[in-house]
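Working through the structure, step by step
Spelled out, the chains give:
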Amino acid sequence: MKCDMGGAGAVLGAARALLDLKPQGLEVHFITAACENMVSGKATRPSDIHTSAAGITVEVNDTDAEGRLTLADALWYAQERAGAQTVVDVATLTGAAGVALGQDTGALFSNNDDLAAALDLAGRQTGEKLWRMPLNDSLRRKIESPIADIKNYAGRWGGAITAALFLKEFIKEGANWA
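The text that follows walks through the structure, step by step, so that each part is easy to find. (Residues numbered from 1 in each chain as written. Predicted model: local features only at pLDDT ≥ 70, side-chain atom pairs only at ≥ 80, totals over all residues. Heavy atoms only, no water.)

Observations concerning the packing of helix α2 (residues 67-80) against helix α5 (residues 159-168)
Packed helix pairs are specified by the crossing angle of their axes together with the interaxial distance, meaning the distance between the axes. Interhelical geometry of α2 versus α5 gives an angle of 35° and a closest axis separation of 9 Å. α5 is crossed by α2, and the crossing has right-handed handedness. Packed against α2, whose contacting residues are Arg68, Leu69, Leu71, Ala72 and Leu75, the element α5 presents Ala163, Phe166 and Leu167 at the interface. Among the residues making up the contact of α2 with α5, the classes are represented as seven nonpolar, no polar and one charged. (Axes fitted to C-alpha atoms, helices over the stretch in contact; angles between N-to-C directions. Helix = DSSP H or I, 4+ residues; strand = E, 2+ residues; numbered from the N terminus. Left-handed = near helix turned anticlockwise from the far one by under 90°. Contact = heavy atoms within 4.5 Å. Nonpolar A, V, L, I, M, F, W, Y, C, P; charged D, E, K, R; others polar.)

Here we look at the nonpolar core
What tends to happen in soluble globular proteins is that the nonpolar side chains get buried as a cluster. Residues Leu75, Phe109, Ile150, Phe166, Phe170 and Trp177 are the most contacted members of the largest nonpolar core, which totals 29 residues. Counting residues per element, the ones that place at least two in this core are α2 and α5. Residues within four places of Phe170 in sequence aside, it is in contact with Ser52, Ala54, Ile56, Val58, Ala72, Leu75, Gln79 and Ile150. (Core = buried A, V, L, I, M, F, W, Y, C linked by side-chain atoms within 4.5 Å. Buried < 20%, exposed > 50% of the residue type's maximum accessible area, 1.4 Å probe, protein only.)

Some remarks on α2
An ideal rise of 1.5 Å per residue puts 20 Å on 14 residues; α2 measures up with 20 Å between its terminal C-alpha atoms. Inspection of α2 places Arg68, Leu69, Leu71, Ala72, Ala74, Leu75, Ala78 and Gln79 among the buried residues, and these make up the whole buried set. Contacts from the buried residues of α2 go to β1 (49-51), β2 (57-59), β3 (86-87), α5 and β7 (176-177). (Expected span 1.5 Å × (residues − 1).)

Things to note about the packing of aromatic side chains
Within this structure, the stated rule accounts for one aromatic pair. Between the aromatic rings of Phe166 and Phe170, the centroid separation amounts to 5.3 Å while the plane-to-plane angle is 55°, which identifies the pairing as tilted. Owing to a relative accessible area of 5%, Phe170 belongs among the buried residues under this scheme. Taking the ring centre of Trp157 as reference, the NZ or CZ of Arg156 above it sits at 5.0 Å. (Phe/Tyr/Trp six-rings, centres within 6.5 Å; stacked < 30°, edge-to-face > 60°. Lys NZ or Arg CZ within 6 Å of the ring centre and 35° of its normal.)

Quick word on the sheet that holds β1
A sheet is described by the order of its strands in space; here three strands give the open sequence β1-β2-β6, paired in mixed fashion. The open sheet has two edge strands with one neighbour each: β1 and β6 (150-151). Bridge count between β2 and β6: two bridges; the pairing is parallel. Each bridged residue has a counterpart across the sheet, and for Val58 the counterpart in β6 is Ile150. (Pairing = 2+ DSSP bridges.)

Section: a nonpolar patch on the surface
Together, Leu26, Val28 and Phe30 make up an exposed nonpolar region whose accessible area comes to about 250 Å². Note that Leu26 resides in the loop between α1 (6-21) and β1. Accessibility expressed as a relative area gives 52% for Leu26, which makes it exposed. (Patch = residues over 30% accessible without salt bridge, like charges linked within 9 Å, V, L, I, M, F, W, Y side chains within 5 Å. Areas by Shrake-Rupley, 256 points an atom, 1.4 Å probe, with all protein chains shown as cover. Salt bridge = Lys/Arg side-chain N within 4 Å of Asp/Glu carboxyl O.)

Some points on the side chain of Gln79
By the element assignment, Gln79 lies in helix α2. A polar side-chain atom of Gln79 sits 2.8 Å from the main-chain carbonyl oxygen of Phe170. Each residue touching Gln79, except ones within four places of it in the same chain, is listed here: Ala84, Val87, Phe170, Ile171, Lys172 and Ala175. (Polar contact = N/O pair within 3.5 Å; in protein donor to acceptor, adjacent residues only side chain to side chain.)

Things to note about the environment of Leu130
By the element assignment, Leu130 lies in strand β5 (residues 130-132). Given a relative accessible area of 29%, Leu130 falls into the partly exposed group. On a C-alpha basis, the gap between Leu130 and Leu167 in space is 19 Å, while along the polypeptide they are 37 residues apart. Residues in contact with Leu130, not counting those within four places in the same chain, are Thr105, Gly106, Leu108, Leu119 and Asp120.

Quick look at the pattern of salt bridges
Scanning the entire structure with this criterion turns up eight salt bridges. Between Asp104 and Lys129 there is a salt bridge, and its shortest N-O distance comes to 3.2 Å. With Asp104 in the loop between α3 (95-101) and β4 (106-108) and Lys129 in the loop between α4 (113-126) and β5, the pair connects residues that are 25 residues apart, well separated along the chain. Arg124 is the partner of Asp120 in a salt bridge, and the nearest nitrogen-oxygen pair spans 3.0 Å. Linking Asp120 with Arg124, this pair stays in helix α4, spanning four residues, or about one helical turn. With a relative accessible area of 24%, Asp120 lands in the partly exposed category.

Pasting the structure below:
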């Protein structure tokens, strides 16, 4: 489970760095989707319907894709409660990205070319390798569910893309996201 918290760990590390740097005129919110992940009689089971903080219902068809449920709520929180117009989520999200890119290159999904370019530049300046991945909307059908608004897992093929498309469902119209 330690790998599953890699994104949250990176966010907390960035928070610490900004605390030390104390940049002027910058408002940043650090939100982590931290929760207990223990087996119990109340645990999420395949075929459960989860209602997200955004009110979107999700068919849980894979309990190993549970982190994206909490990340979706964090995306909603960032926009609705913190008022963020630009949201950068840092998450391990899926092993499919690692299969595609290896262990030292991060998959970059974004709905905004300028934001993606800025993150790519920052990555090159700091030695963090990123590779822009497509948000192939033709794969959106793979997260459709007959019993909920969407499902949390779309299968192996295009897994990184469909995971990102799942998260994109929780981004408000007009918000920038990567």
